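These are the residues of each chain, in order.
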Amino acid sequence: CKDVGHRLSGSTGAAAAVEYTRQLMIAYDFDTVYLQPVMVPNWKRGPVEILKIMNSKKRGVIDLNALALGNSVGTGSQGILAEIIELKGISEIQERKNELAGKIVFFNGPMDPTLLETFSAYGAAVSQRSSGAARTAPYGAKAIIVRSMTQSLDDVPHTGSLRYQTDIKAIPAMAISTKDADLLSQLLKDQANLHIYMENYAEMLPEAQSFNVIGQLTGTLFPDEYIAVGGHLDSWDVGEGAHDDGSGCMQGIEVLRVFKSLNIKPKRTLRAVMWMNEENGSKGGKAYANLSEMRKEHHIAAIESDRGGFVPRGFTSTGSAKQKQQLSKWKILFEPYGLHDFDRTGGGADIGPLSKQGTFLIGLLPDGQRYFRYHHTEKDVFEAVDRRELELGAASMASLVYLLDQYGIKN
Ligand SMILES: [Zn+2]
C-alpha cells in the first residue's frame, strides 16, 4: 500500500491498485480473479493551490490551508479576488441570497459535536460541500470556501466531492482547515470587508478507462447465489486512502482468504469486490450491479466496509423485515466480541445499486469517533490504521459471510 499511494479514479495510482489487488488475489489462489471495465470521471487537482486573506487590518496577508474540492473547476491563472461573506450553512442561503453577488461564499457550519454519531454530524453538514457551489452560483457567487468536514481543530484541510447542476454555472470550490475557518470567522467579526484571493488549476478531463477488481470462490451447492464483500478501491488524491477505503478492500480480500486458509468450501459463490470510483461518481458500483443484472445473477447479500479500519461495533443494514430479523437473530453470536449495534439502517454506496435484485445490503459499523480526523486528508495513511482493529473488522465480516453462506437469507 505504501508503494501504490493515493488512488483517485483515472490516476496512475488507481491503475496500480487495480493490478496490485488482482495480483494479491491470484497469489491467494482464489478460483477466479478478473477485472470488470468501467469508465470513470478523471478529475485533476492541478499543481498549485492558493487561498489567502489579502487585507486583514490586523495581520495583512494570511495564507490559508486549503484544498480544492473534488470535481471542482479551477480559477485559472487570473485567480479570483473577491470580498468574503460567511454563512453558517445551506439553510442560510435563502435569507441572504441578495448579498452573495460578486462574493466568495464561506460556508462555516461545523459538524455538530453534540451528536454522538460522527456520521450523523457529517451527514448534517456535508451539503455545504456537496451542493454549496451549485446553490450559490445562481445568486452570483464567484466561488465558495467550505469549513473542513471534521470535528478536529487543526491545520489539515479535508477534500471531498461536490456536484454541479448542468444548467447552473460551475464556480470553483475549496475546503479550508477548521483552524483557518475559525480564524477567518474571527477576523470577519472585526472587519466585514475582508478580501480573499483564490487560485487553482483543478479540471475535469475526459472520462478514463478503469476497472472493478473481483476475486471469487465458487459455491459448491448454490453457485448461482452470490455474496459480495469489499470496499472501494479509489481514494482521494491526498494521503494514501488507508482508512478510506484501503481498509474495506483488504478486509474483503481477507474474508475470502480466511475461507481458503481454513479450507471451508462455501456453499454459495463468494466475491471480494473492489469497486472503483465511489468518491466522485460511484461508477463502479453502478456498473457492477448493471452487469450482474444482465447476467441474471442473484446476490443474496452484499457487505461493504467503508467507515474506516476501526474496531467493529456492529453492522448496519437495508432490506426486508425478514432479512433484518434474520440478522438480528445472529446478533447474539457477535456480542461476546463487542459487536452489539445491529439496528441502524445503512449498507454502502457501492452496494446500494444491488437493492434492485432484492439483495440484503449490509455495512460494517466500526467505532466512528476517530474516522473524521483522517477522512479525505493527507493524514489518512497506512500508519494511521491499527492492524488489530482492522483484523477484528475482517474477522467479523468473515463470520457474517459464513452465516449467510451456511444458512442463506430470504427476502
Ligand atoms: Zn469511502
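What counts as what
- Residues numbered from 1 in each chain as written.
- Predicted model: local features only at pLDDT ≥ 70, side-chain atom pairs only at ≥ 80, totals over all residues.
- Heavy atoms only, no water.
- Helix = DSSP H or I, 4+ residues; strand = E, 2+ residues; numbered from the N terminus.
- Polar contact = N/O pair within 3.5 Å; in protein donor to acceptor, adjacent residues only side chain to side chain.
- Pairing = 2+ DSSP bridges.
- Axes fitted to C-alpha atoms, helices over the stretch in contact; angles between N-to-C directions.
- Donors = N, O, S within 2.8 Å, 3.2 Å for Na, K, Ca; no water.
- Tetrahedral: all angles 85-135°; square planar, octahedral: opposite > 155°, others 65-115°.
- Buried < 20%, exposed > 50% of the residue type's maximum accessible area, 1.4 Å probe, protein only.

A. Quick peek at the environment of Lys-324. Within the secondary structure layout, Lys-324 lies in helix 8 (residues 321–334). As for Lys-324 and Ile-362, which are separated by 38 residues in sequence, their C-alpha atoms are 9.8 Å apart. Here the side chain of Lys-324 touches Ser-317 through a polar contact of 2.9 Å, landing on its backbone oxygen.

B. Seen up close, the sheet that holds strand 5 (residues 80–87). Spatial strand order, 3-2-9-5-6-7-8-4: eight strands in an open sheet with mixed pairing. Of all strands in the sheet, those bounded by a partner on one side alone are strand 3 (60–63) and strand 4 (66–68). Across the sheet, the axes of successive neighbouring strands diverge by a mean angle of 30°, strand direction being ignored. Pairing geometry for strand 4 and strand 8 (residues 173–176), over three bridges, is antiparallel. If you follow Leu-67 over to strand 8, its bridge partner there is Ala-175.

C. Highlighting the coordination of the zinc ion. The protein atoms that coordinate the zinc ion are His-232 (NE2), Asp-244 (OD), Asp-306 (OD) and Asp-306 (OD), at distances of 1.8 to 2.7 Å. Between the four donor atoms coordinating the zinc ion, the angles at the centre fall across 52 to 149°, so the site counts as irregular. Ordering the donors of the zinc ion by residue number gives the pattern H-x11-D-x61-D. Pair noted here: His-232 is in strand 11 (residues 222–232) and Asp-244 is in helix 6 (residues 242–261), with a separation of twelve residues, a long-range link. Its relative accessible area of 0% is what places His-232 among the buried residues.

Keep in mind that these numbers describe shape and distance, not what the molecule does.
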